[in-house]
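# A closer look at the structure
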Amino acid sequence: MTAKWKALADRLAAEMDNGDRPPGSSLPQILDQVAAGEGSKATVNRAYQELEAMGYVVSRRGRGTVVRNRTRVRVPLSRYEHVLEPGGTRGPWETATAEQGLNGRMEVEEPAAETLPAPADIAERLGLSPGAAVVRRRRRAMIDEDVVQLQEAWYPADVAEAAGLDSPTKIVGGVLAGLIAADIIPAVAAEFVTAEEPTPDQAARLSIGARVPVIVIDRVTRDGTGRVIELVRITGAADRLSLVYSPLPLKVRRSRSTRS
């Protein structure tokens, strides 16, 4: 026999899946559910905790338990052409969300830039020794009021200093403009994608449950000499992202058949 808390969680989840409880709507207060005969306070509370762990709902101060928006965003995995395009007012995130009719924007996290000793995994991606000086810049990708992606950009300290990327203020023209002005020309980029359980910090910042996996994308950009000049690490809720490749022209060789 299914436990009462599990039956309640499953029913509410089904209502959210079929649209009866749309994103942004609030679930009834726990005491209201108790009064409606859905079970004890402990039963309803456990059902709500289960829904939050699964990513169906999120707790909002002043609003209680709110249905989480799980609309997927199609994000081009191969974004090299966007990385190298100077000018324009929209980056890859704004472009991808606008094409899908979503209100996406990027926000800078404070501090906007800070010099740190490179953690081991960051140093490996950048081709540096662990503890070498690096500059980190942080942003978050938003849809309406939801944080959907966390972005960290890491640079060798000398690259950041030459391109003005160690400045705490906004970079006029964007990162690419700063690199080009310093004669540091991006030439090739590679992306590495993994899926993993969220850390408590990631879960809190993305407002996701402990059992919602995150997708981590490391984009490594090199100059013409092969030196790594930038590492961008993107962490996003897996249930909100659909990674797609940009289409490439294909040459198809057709074989000729012969008849005897």
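Description of the structure in this document. No experiment lies behind these values; they were computed from the predicted model shown. (Residues numbered from 1 in each chain as written. Predicted model: local features only at pLDDT ≥ 70, side-chain atom pairs only at ≥ 80, totals over all residues. Heavy atoms only, no water.)

### Observations regarding the overall build of the protein
When helices and strands are tallied, the protein shows nine helices and ten strands. Expressed as a percentage of its 260 residues, the buried residues of the protein come to 40%. For the protein, contacts bridging at least 24 residues in sequence account for 62% of all contacts bridging at least 6. (Helix = DSSP H or I, 4+ residues; strand = E, 2+ residues; numbered from the N terminus. Buried < 20%, exposed > 50% of the residue type's maximum accessible area, 1.4 Å probe, protein only. Contact = heavy atoms within 4.5 Å.)

### Here's the deal with the nonpolar core
Core analysis: the largest hydrophobic core is formed by 17 residues, its most contacted members being Y155, V159, A160, L165, L179, I184 and I229. Of all the secondary structure elements, the ones that give two or more residues to this core are β6 (146-156), α7 (157-163), β8 (214-223) and β9 (228-237). Those residues in contact with L179, other than ones at most four positions away along the chain, are V159, A163, L165, I184, P186 and I229. Ranked by size, the runner-up nonpolar core spans 14 residues in total, among them A9, L12, M16 and V44. (Core = buried A, V, L, I, M, F, W, Y, C linked by side-chain atoms within 4.5 Å.)

### With respect to the sheet that holds strand β7 (residues 186-196)
With antiparallel pairing, six strands are arranged side by side in an open sheet as β4-β5-β6-β9-β8-β7. The open sheet terminates on both sides in strands that have one partner only, identified here as β4 (104-117) and β7. Here the strands of the sheet are splayed against their neighbours by 15° on average, with no regard to which way each runs. Taken together, the ten bridges between β7 and β8 define a ladder with antiparallel strand orientation. For V188, the partnering residue across the bridge sits in β8 and is R222. Strands in contact with helix α5 (residues 92-99) are β4, β5 (133-143) and β6; relative to β4, the strand with the most contacts, it is inclined by about 160°. (Pairing = 2+ DSSP bridges. Axes fitted to C-alpha atoms, helices over the stretch in contact; angles between N-to-C directions.)

### So, the environment of R227
Note that R227 resides in the loop between β8 and β9. Among the residues examined, R227 registers a relative accessible area of 35% and is labelled partly exposed. Along the primary structure R227 and G127 are separated by 100 residues, whereas in three dimensions their C-alpha atoms are 8.1 Å apart. In this view, R227 contacts P156, D158, V159, T221 and R222; residues no more than four positions away in its chain are not counted.

### Looking at the side chain of E94
Within the element layout of this structure, E94 appears in helix α5. Sequence-distant contacts of E94, that is, excluding residues within four places in its chain, are made with G104, R105 and M106.

### Points about α5
Restricting attention to buried positions, one finds in α5 the residues W93, E94, T95, A96 and T97. Backbone geometry just after α5 places G101 at a positive phi near 75°.

### Thoughts on the side chain of E109
Examined against the element boundaries, E109 turns out to sit in strand β4. Contact partners of E109, with chain neighbours within four places excluded, come to R138, R139, R140, L150 and R205.

### A look at unusual backbone geometry
The omega torsion of the bond from E110 to P111 falls at -5°, within 30 degrees of zero and hence cis. Tracing the backbone shows P111 in strand β4. In this structure, D144 is a non-glycine residue whose phi angle is positive, near 55°. Within the secondary structure, D144 is located in the loop between β5 and β6. Of the residues examined, D144 reaches a relative accessible area of 39% and is grouped as partly exposed.

### Some points on helix α3 (residues 41-53)
End to end, α3 covers 18 Å across 13 residues, agreeing with the expected 18 Å (1.5 Å per residue, within 8%). All of the buried residues in α3 are T43, V44, A47, Y48, E50, L51 and A53. Contacts made by the buried residues of α3 are with α1 (4-17), α2 (30-35), β1 (57-60) and β2 (64-67). Phi turns positive one or two residues past the end of α3, at G55, with a value near 90°. (Expected span 1.5 Å × (residues − 1).)

### Concerning the pattern of salt bridges
The tally for this structure, following the rule as stated, stands at 23 salt bridges. With a closest N to O distance of 3.0 Å, R140 and E107 form a salt bridge. Taken as a pair, R140 in strand β5 and E107 in strand β4 lie far apart in primary sequence, 33 residues in all. With a relative accessible area of 25%, R140 lands in the partly exposed category. D201 is the partner of R205 in a salt bridge, and the nearest nitrogen-oxygen pair spans 3.4 Å. Note that R205 and D201 are positioned in helix α9 (residues 200-206) at a spacing of four residues, about one turn of the helix. By relative accessible area, R205 is classed as partly exposed at 24%. Taking the relative accessible area as the measure of exposure, D201 reaches 46% and is therefore partly exposed. Taken together, the salt bridges that share partners define one network made up of R105, E107, E109, R138, R140, E145, D201 and R205. (Salt bridge = Lys/Arg side-chain N within 4 Å of Asp/Glu carboxyl O.)

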